[in-house]
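Below are the chains, spelled out letter by letter.
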Amino acid sequence: MQTHKLSSQDILPLTCSRTGNCCFGKIIYLNPWELFHLAREKKNTPKEFRDLYTHFGGIQLKFDGEKGYKEQEACSQYVDNFGCSVHLGRPLACRLYPLGRQIQSEEVHYMYQGDEFPCLDPCPEVVELSQLSVGEYLQGQKTDSFEKAQDAYLELMQNLADMAFELLLDTGLAESGDKKTLALWRKMGSELPEELADRIGENWLDMLMIPEISNEDPIGFVTEHNNMLQMKAQEQFGAIQTHQELHEASVLIMGIALHLALGLGANPKELSELWIDIAKNNGAQE
Ligand code: SF4
Ligand code: SF4
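Notes on the structure follow. All of these numbers come straight from a predicted model, not from anything done at the bench.

1. Side note on the overall build of the protein
For the protein, the count of helices and strands is 11 helices and 9 strands. Relative to the compact-globule value of 19 Å for 286 residues, the protein shows a C-alpha radius of gyration of 21 Å, a close match. The 286 residues of the protein split such that 47% are buried. Expressed as a percentage of contacts within the protein between residues at least 6 apart in sequence, the contacts between residues at least 24 apart total 73%. About 14,600 Å² of surface is accessible on the protein, with carbon and sulfur atoms providing 48% of the total.

Here it is in structure tokens:
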């Protein structure tokens with residue numbers, strides 16, 4: 001599929017005609033900041049929202065509403081003849097649509113995919129509405145704090161992976177000739193989200209997706225979350241000694257990093273392969 005990279009000055013038919021046709025049949029991943037904002041807008045606790053409206057412990061929004069556009073199911077937050085019931089708390093993917101966002105070599109790019117502009121098929125009338133620059137569109141959609149949270153969570157994911165590395169490489173586990181840990185990192189990279197969620201267990205899943213944080217600043221929110229996860233790991237793994245315990249801890253933390261990766265729309269298989277290569281270059285075996 002063709003990818004059109006955009007600059008913030010590019011002018012496109014970005015005034016939405018508000019048919020809601022793009023709220024059907026999509027896959028929308030969620031990070032914990034997005035889950036928190038969706039729940040607040042819905043006047044639910046994050047746990048209530050997570051349990052009612054998401055899959056796999058909170059990383060994916062349910063699309064189980066009535067069938068509509070092209071016989072596809074509506075987003076669980078879509079209300080007929082009204083639209084999005086959580087508009088002010090909608091996730092980044094909905095704010096960006098029809099654009100996508102990618103980070104390459106630490107630079108952010110916006111783009112759209114396909115031979116033609118994605119709104120033209122569901123809403124051909126957009127061409128009669130005002131055109132906007134990409135920059136104006138993003139500003140109007142208030143993407144800023146959601147983009148900051150997304151990027152901060154990518155760093156948090158890397159911090160979790162680093163913890164899994166330390167448990168393998170800095171404890172004597174890799175030196176002992178362990179081969180089981182990387183084999184499981186690889187297996188987890190291809191596991192279904194429900195398998196990863198089961199592997200992580202309820203307690204860690206709650207800590208990952210519905211932490212008790214109410215910081216309004218995205219960086220503050222993710223920093224608090226990072227500290228909570230590090231403290232929980234310290235409490236649980238601070239005193240472990242046997243190679244079996246170290247192996248289990250490294251696998252668990254890597255599983256949490258990969259589950260978060262799914263919620264961030266990253267590719268867990270590619271990430272696990274990258275992390276396995278790094279571990280091997282540092283003396284681990286598979
Ligand atoms: S497809 Fe485009 S124009 Fe139509 S509702 Fe979605 S964002 Fe708006
Ligand atoms: S959260 Fe709102 S904008 Fe996003 S898909 Fe669901 S109904 Fe549409």
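2. Considering the site of ligand 2
Taken together, C23, I28, L61, F63, C75, Q77, Y78, C84, P91 and C94 form the complete shell of residues around ligand 2. When the residues that make up the shell around ligand 2 are grouped by side-chain class, the tally is 9 nonpolar, 1 polar and no charged.

3. A look at the pairing of strand β7 (residues 100–104)
Sheet analysis places β7 next to strand β8 (residues 107–113), joined by 5 bridges and oriented antiparallel. Considered in β8, the bridge of Q102 is made with H109. The antiparallel pairing of β7 with β8 creates a hairpin that spans 2 residues between the two strands, and S105 there sits at a positive phi of about 45°.

4. What about the site of ligand 1?
Near ligand 1, the surroundings consist of C16, S17, T19, G20, C22, Y97, C119, P122, C123 and V126. Looking at side-chain class alone, the shell around ligand 1 contains 7 nonpolar, 3 polar and no charged residues.

5. So, the nonpolar core
The biggest cluster of nonpolar side chains holds 84 residues, and the ones touching the most others in it are L99, W185, W204, I253, M254 and W275. For this core, the element with the most residues is helix α5 (residues 144–169), which contributes 13 residues. Look past the residues within four positions of L99 in its chain and what remains in contact with it is L6, L12, L14, M111, Y112, V134, Y137 and L138.

6. Things to note about the packing of helix α10 (residues 243–263) against helix α11 (residues 268–281)
In contact at an axis separation of 9 Å, α10 and α11 are set at 140° when each is read in the N-to-C sense. Our pair here, α10 against α11, has a crossing hand that is right-handed. In this structure, α10 contributes M254, A257, L258, A261 and L262 to the contact, and α11 contributes P268, L271, S272 and W275. The residue makeup of the contact of α10 with α11, split by class, is 8 nonpolar, 1 polar and no charged.

7. Some remarks on the environment of H87
Tracing the chain through its elements places H87 in the loop between β6 (83–84) and α3 (92–96). Under the relative-accessibility criterion, H87 is labelled partly exposed at 36%. Between the alpha carbons of H87 and E191 there is a distance of 33 Å; along the sequence they are 104 residues apart. Dropping the residues within four chain positions of it, H87 is found in contact with E41 and R95.

8. Details of the environment of F24
On the secondary structure map, F24 appears in the loop between β2 (11–12) and α1 (32–42). Classification of F24 as buried rests on a relative accessible area of 7%. For F24 and L99, which are 75 residues apart along the polypeptide, the C-alpha to C-alpha distance reads 16 Å. Discounting residues that sit within four places of it in the chain, F24 has contacts with F63, E66, K67, G68, Y69, Q72, E73, A74 and Y78.

9. Digging into the packing of helix α9 (residues 218–237) against α10
Put simply, α9 and α10 touch, their axes get as near as 12 Å, and they point 160° apart. Relative to α10, α9 is oriented roughly antiparallel. Viewed along their axes, α9 and α10 form a crossing whose handedness is right-handed. Counting all contacts with α9, which are made through A233, Q236 and F237, the residues of α10 involved are A249, L252 and I253. Looking at the contact of α9 with α10 residue by residue, the class counts come to 5 nonpolar, 1 polar and no charged.

What counts and what doesn't
- Residues numbered from 1 in each chain as written.
- Chains lettered and ligands numbered in written order.
- Predicted model: local features only at pLDDT ≥ 70, side-chain atom pairs only at ≥ 80, totals over all residues.
- Heavy atoms only, no water.
- Helix = DSSP H or I, 4+ residues; strand = E, 2+ residues; numbered from the N terminus.
- Rg over C-alpha atoms; globule rule 2.2 N^0.38 Å.
- Buried < 20%, exposed > 50% of the residue type's maximum accessible area, 1.4 Å probe, protein only.
- Contact = heavy atoms within 4.5 Å.
- Areas by Shrake-Rupley, 256 points an atom, 1.4 Å probe, with all protein chains shown as cover.
- Near = heavy atom within 4 Å.
- Nonpolar A, V, L, I, M, F, W, Y, C, P; charged D, E, K, R; others polar.
- Pairing = 2+ DSSP bridges.
- Core = buried A, V, L, I, M, F, W, Y, C linked by side-chain atoms within 4.5 Å.
- Axes fitted to C-alpha atoms, helices over the stretch in contact; angles between N-to-C directions.
- Left-handed = near helix turned anticlockwise from the far one by under 90°.
- Parallel < 35°, antiparallel > 145°, perpendicular 65-115°, else oblique.

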